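Spelled out from the first residue to the last, the chains are:
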There are 2 protein chains.
Amino acid sequence: MMKKSRFSIIVLIVLLWTSFASLQGQMRNRIVSPEVSDANEITFRLFAPKAEEVKIYGEWLTSYTELTPLIKNDTGLWSVTVGPVEPEIYGYMFLVDGLTVLDPSNPLVRRDGQRNASLVLVPGPASELYGVHEVPHGVLSQVWYPSPTIGKDRRMYVYTPPGYNKGKEKYPVLYLLHGAGGDEDAWTTMGRAPEIMDNLIAQGKAKPMIVVMTNGNAWQTAGPGSAPDAPPLTREDFQNFRGKFEESLVNDVIPYIEKNYRVRASKESRAIAGLSMGGMHTINVTTSHPDVFGYIGVFSSGIFQPDQDLSNEMLALQKSGIKKYWVGIGEDDFLMESNKRLLDALEKAGITYEYYENTGGHSWNNWRIYLSRYAPMLFK
Amino acid sequence: MMKKSRFSIIVLIVLLWTSFASLQGQMRNRIVSPEVSDANEITFRLFAPKAEEVKIYGEWLTSYTELTPLIKNDTGLWSVTVGPVEPEIYGYMFLVDGLTVLDPSNPLVRRDGQRNASLVLVPGPASELYGVHEVPHGVLSQVWYPSPTIGKDRRMYVYTPPGYNKGKEKYPVLYLLHGAGGDEDAWTTMGRAPEIMDNLIAQGKAKPMIVVMTNGNAWQTAGPGSAPDAPPLTREDFQNFRGKFEESLVNDVIPYIEKNYRVRASKESRAIAGLSMGGMHTINVTTSHPDVFGYIGVFSSGIFQPDQDLSNEMLALQKSGIKKYWVGIGEDDFLMESNKRLLDALEKAGITYEYYENTGGHSWNNWRIYLSRYAPMLFK
């Protein structure tokens, strides 16, 4: 066997494979973007000789209205260096003469509901939990389950911790809910929940647990591209789905998980947490079913209306006994007033809660932080 | 509880969530792209008032050099209608004054190795198997397994068929390998293997089976974004990985699967298939281990050199007994000569094979077709 020539053919195939990029006249393969320096500065580059103006929006910026301009050199290569920035995972995109353009030199793209962004991870202590490291990894599965409440099979993600396949142990379960605009992909793509759990478990900071990430949009069976075709919905259709997700969580999802996985099926072995709309789902389902979850986390507020009265339900929840009620929000979150109403209601009902307020607003940056703080408190 | 006002808040949050798009001045939320007509024409639209030239490349075109121009209207909206095209899944991208731009109105993006493309599915009989339908779905899992051969934990996808979790049945296994430039994501994102298997099994055309989709780049632990940071490799490093993937498949992957899943661990219950570089892996591993796989599929040729002599190994393979040797390739495939050498070698060794030649070349379009034809022949 002539291994050397065979290797050359592989090189040839790789070159053919990447020739499309060069045909685009972009010199893409020679452009490095993004490039993260040891000092946590990020350099972005885009080859666009005909563009008049190139700017970048990235999640390190605090405002959509002040984007960072790139500078063009005489070859038509635009570039800018930003930072130093905090170690984090940032979504970003270029605006080329007003047109949204993902970074063609960066294969990492993440979908947030209906739109996409390029992705850059700035390593460092603060983002250590979000990276993939050489630690034991859990299994992340896409699972379709029957939802009689909604009348469809629906899709969710199930994370089983390292070691699940080896032993006979039964595990506790965290039900982790996304916000409006997201779907069942959100906690794995933007939330980095599998990486966070792998790392927290490897460090001995969190108990090994199963994490179930559902689709909280009751009118969907799955996110874009993963759902069977269905006719468009009217506003009335949407209204008919109100409250259905919360019902289906208790009536369909939990029974499915407890039948098909090795789990401890008790209140003190069930936790729930949700962000924004998922926080509202969390408030709804824990007040309507006070005996189901022993641990409750509300991230960036659930939606709690001025005219909403859950005092009886909160009292019942208090009486039923809660191991931990945890509330986290950023000081600039636009749902801060709603969050204060939640805290008032908890206090009136005599529910002890732990409150964490940090900088920033309604962003995945904060939701990753909240999961990183919440998961270690569970099942201990 | 005031459900109506709570619903309004959700609508508000959704609006806030999507406001970024409107800030970009793109009128994105009003632009529909792509739009597939009943006649299988596809209309693409892009709002780019300052662009001088917008073209589109899509996989329905047979050449990278003849792209389709879009026409600008007086509001700055560019559009073009192509087709009718065959029912298929097509990757596409805009070229805006030479810059590669994914369709900002389309959330569906798929990664092919180092680059991304927007995605459109044209429904019809020919692509029926590639869509998500209301049929029982298998579970698709991302699994890390130890690879002592390569010295790392590595990532793969495991598809378990509908019903796997319910019974005690043992299943046969198909090991499905990607080509150069791809990684362990390729058969699920571009190959639509989970959808194809769900649909073939639902139609009674394929036996329920487990499908294992590995990463054939021995120097990687996982695809971009899913692997721990590692130093860049030299050309010598790459050479040292030659043949390691094939070894690890037999020494690491198969034992892991047969230990951790309910599988039938026998030659007649193991199938392998691979495309291009994965076809080469298939040829290598089946000739070096003739007793392992009962079914062998080579898609778009393995790489088979003029100076390569596998006659002894092929004879041993013939003697060991093969249930099915299946070869598929497109008439325009650039590896056709290599494919003919494979057929010659099979004939000289007296290995009966089934040959399928269709139109087209070295493309995922064909590899989806080959999987759709190969899987129904297995384990019968």
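How each quantity is defined
Residues numbered from 1 in each chain as written. Chains lettered and ligands numbered in written order. Predicted model: local features only at pLDDT ≥ 70, side-chain atom pairs only at ≥ 80, totals over all residues. Heavy atoms only, no water. Helix = DSSP H or I, 4+ residues; strand = E, 2+ residues; numbered from the N terminus. Rg over C-alpha atoms; globule rule 2.2 N^0.38 Å. Buried < 20%, exposed > 50% of the residue type's maximum accessible area, 1.4 Å probe, protein only. Areas by Shrake-Rupley, 256 points an atom, 1.4 Å probe, with all protein chains shown as cover. Lys, Arg positive; Asp, Glu negative; His and termini not counted. Charge placed at Lys NZ, Arg CZ, Asp CG, Glu CD. Phe/Tyr/Trp six-rings, centres within 6.5 Å; stacked < 30°, edge-to-face > 60°. Lys NZ or Arg CZ within 6 Å of the ring centre and 35° of its normal. Axes fitted to C-alpha atoms, helices over the stretch in contact; angles between N-to-C directions. Parallel < 35°, antiparallel > 145°, perpendicular 65-115°, else oblique. Left-handed = near helix turned anticlockwise from the far one by under 90°. Contact = heavy atoms within 4.5 Å. Nonpolar A, V, L, I, M, F, W, Y, C, P; charged D, E, K, R; others polar. Pairing = 2+ DSSP bridges. Salt bridge = Lys/Arg side-chain N within 4 Å of Asp/Glu carboxyl O. Right-handed = clockwise from strand over helix to strand, strands pointing away. Expected span 1.5 Å × (residues − 1). Core = buried A, V, L, I, M, F, W, Y, C linked by side-chain atoms within 4.5 Å. pLDDT = per-residue confidence, 0-100.

Chemist: Looking at this structure, how should I read the overall build of chain A?
Modeler: Helix and strand counts for chain A stand at nine helices and 18 strands. For chain A, whose C-alpha radius of gyration is 23 Å, the value lies close to the compact-globule estimate of 21 Å for 380 residues. Each principal axis of the C-alpha distribution contributes one length, and for chain A these read about 70 × 60 × 45 Å. Considering chain A as a whole, with its 380 residues, one finds that 59% of them fall into the buried category. Counting only carbon and sulfur atoms, one obtains 51% of the accessible surface of chain A, whose full area is about 15100 Å². One way to put it: in chain A the 38 positive side-chain charges average out to a point 8 Å from where the 42 negative ones average out.

Chemist: Any chance you could explain the packing of aromatic side chains here in plain terms?
Modeler: Per the counting criterion, the structure on display carries 40 aromatic pairs over all chains. With 4.9 Å between their ring centres and 75° between their planes, Trp219(A) and Phe238(A) make a pair best called edge-to-face. Residue Trp219(A) is found in the loop between strand E14 (210-213) and helix H4 (235-240), and its partner Phe238(A) is found in helix H4; the two are separated by 19 residues along the sequence. Its relative accessible area of 26% is what places Phe238(A) among the partly exposed residues. Ring plane angle 65° and centroid distance 5.7 Å describe the contact between Phe299(A) and Tyr370(A), whose orientation is recorded as edge-to-face. Residue Phe299(A) is found in strand E16 (residues 295-299), and its partner Tyr370(A) is found in helix H9 (residues 364-374); the two are separated by 71 residues along the sequence. The exposure class assigned to Phe299(A) is buried, which follows from its relative accessible area of 0%. By way of ring pairs, the aromatic residues Trp187(A), Phe299(A), Trp326(A), Tyr356(A), Trp364(A), Trp367(A), Tyr370(A) and Tyr374(A) are connected into one cluster. In this structure, Arg368(A) is placed above the aromatic ring of Tyr130(A), and the distance from its NZ or CZ to the ring centre is 5.3 Å. Looking at Arg373(B), its charged tip hangs above the ring of Tyr356(B), at a distance of 3.8 Å from the centre.

Chemist: Mind showing me how you'd approach the packing of helix H3 (residues 193-202) of chain A against H9(A) here?
Modeler: The packing of two helices is summarised by the inter-axis angle and the distance between the axes. All names here are of chain A. At their nearest, the axes of H3 and H9 sit 10 Å apart, and the two run at 30° to each other. Comparing their axes, H9 and H3 come out roughly parallel. Of the two possible hands of crossing, H3 and H9 adopt the one that is right-handed. Packed against H3, whose contacting residues are Ala193, Ile196 and Leu200, the element H9 presents Arg368, Leu371 and Ser372 at the interface. Counted by class, the contact of H3 with H9 contains four nonpolar, one polar and one charged residues.

Chemist: Mind showing me how you'd approach unusual backbone geometry here?
Modeler: Backbone phi values are negative for most residues with the exception of glycine, while trans is the configuration of most peptide bonds. Geometrically, the link from Ser33(A) to Pro34(A) is a cis peptide bond, its omega value of -5° lying close to zero. Positive phi outside glycine occurs at Ser300(A), with the angle close to 50°. Relative to the helices and strands, Ser300(A) is located in the loop between E16 and helix H7 (311-320). Here Ser300(A) falls in the buried class, since its relative accessible area comes to 0%. Located in the positive-phi region is Arg192(B), a residue other than glycine, with phi close to 55°. With respect to the helices, strands and loops of the structure, Arg192(B) is situated in the loop between helix H2 (186-189) and helix H3 (193-202).

Chemist: Before we go on, may I ask you to explain the sheet that holds strand E2 (residues 42-47) of chain A in this structure?
Modeler: Sheet strands associate in pairs through backbone hydrogen bonding, adopting either a parallel or an antiparallel arrangement. Residue and element names in this part refer to chain A. Taken together, the four strands give an open sheet; going across it, the order is E1-E2-E6-E5, and neighbouring strands pair in antiparallel fashion. Either end of the sheet is taken by a strand with one partner, and the two such strands are strand E1 (35-36) and strand E5 (71-72). Taken together, the two bridges between E5 and strand E6 (residues 77-82) define a ladder with antiparallel strand orientation. Paired with Ile71 across the two strands is Ser79, which belongs to E6.

Chemist: Looking at this structure, I do not really get the environment of Lys207(A). What am I missing?
Modeler: Residues and elements named next belong to chain A. With respect to the element layout, Lys207 can be found in the loop between H3 and E14. Residue Lys207 is classed as partly exposed on the basis of its relative accessible area, which comes to 38%. Linking Lys207 and Arg192, residues 15 residues apart in sequence, is a C-alpha distance of 18 Å.

Chemist: Teacher, can you tell me more about the pattern of salt bridges here?
Modeler: Opposite charge on two side chains permits pairing when their charged atoms draw close. According to the stated counting rule, one finds 25 salt bridges over all chains in the structure shown. Where Arg45(A) meets Glu35(A), a salt bridge forms, and the shortest distance between an N and an O atom there is 2.9 Å. Highlighted residues: Arg45(A) in strand E2 and Glu35(A) in strand E1, separated in sequence by 10 residues. Among the residues examined, Arg45(A) registers a relative accessible area of 21% and is labelled partly exposed. The exposure class assigned to Glu35(A) is partly exposed, which follows from its relative accessible area of 37%. As a salt-bridge pair, Asp112(B) and Arg115(B) come within 3.8 Å of each other at their nearest N and O atoms. Here Asp112(B) and Arg115(B) have matching classes, each one buried. Several salt bridges share partner residues, and in doing so they unite Arg111(A), Arg155(A), Asp183(A), Glu184(A) and Asp185(A) into one network.

Chemist: Honestly, the pairing of strand E17 (residues 324-330) of chain A in this entry has me stumped. Any pointers?
Modeler: A regular strand places its side chains on the two faces of the sheet in alternate fashion. Residue and element names in this part refer to chain A. Counting buried positions over the seven residues of E17 gives six, a clear majority of the element. Alignment of E16 against E17, held across five bridges, turns out to be parallel. When the sheet's bridge partners are listed, Phe299 is paired in E17 with Gly328. Taking the sense of rotation as the criterion, the β-α-β connection linking E16, H7 and E17 turns out right-handed. Bridge count between E17 and strand E18 (residues 354-358): five bridges; the pairing is parallel. Bridging across to E18, Val327 finds its partner in Tyr355. Read as a crossover between parallel neighbours, the route from E17 over helix H8 (residues 336-348) to E18 is right-handed.

Chemist: Would you mind showing me how to read H8(A) here?
Modeler: Helical geometry: 3.6 residues make up each α-helical turn, so side chains three or four residues apart lie on a common side. Residues and elements named next belong to chain A. Counted at 1.5 Å a residue, the expected span for H8 with its 13 residues is 18 Å, and the 18 Å between its end C-alpha atoms agrees. Taken residue by residue, H8 has Met336, Ser338, Asn339, Leu342, Leu343, Ala345 and Leu346 as its buried positions. Positioned one or two residues after H8, Gly350 has a phi angle of 75°, which is positive.

Chemist: Explain the sheet that holds strand E5 (residues 71-72) of chain B to me, please; I cannot follow it from the model alone.
Modeler: The four strands are arranged E1-E2-E6-E5 (chain B) in an open sheet whose pairing can be described as antiparallel. Both outer strands of the open sheet, strand E1 (35-36) and E5 of chain B, are each paired with one neighbouring strand and no more.

Chemist: So what exactly am I meant to see when it comes to the nonpolar core here?
Modeler: A general tendency of soluble globular proteins is for nonpolar side chains to be buried together. Ranked by internal contacts, the top residues of the largest apolar core, which has 46 residues, are Phe44(A), Phe94(A), Phe44(B), Trp60(B) and Phe94(B). Per element, the largest residue contribution to this core is five residues, and it comes from strand E7 (residues 89-96) of chain B.

Chemist: I keep staring at the confidence of the model for chain A and nothing clicks. Help me out?
Modeler: Parts of the prediction with low pLDDT should not have their coordinates interpreted in detail. Residue and element names in this part refer to chain A. When the pLDDT values of chain A are averaged, the result is 90; 92% of them are 70 or greater. Scored below 50 in pLDDT, residues 1-5 shows nine contacts in the model against residues more than four places distant or in partner chains. Scored as a whole, the predicted complex attains pTM 0.90, and scored at its interfaces, ipTM 0.88.

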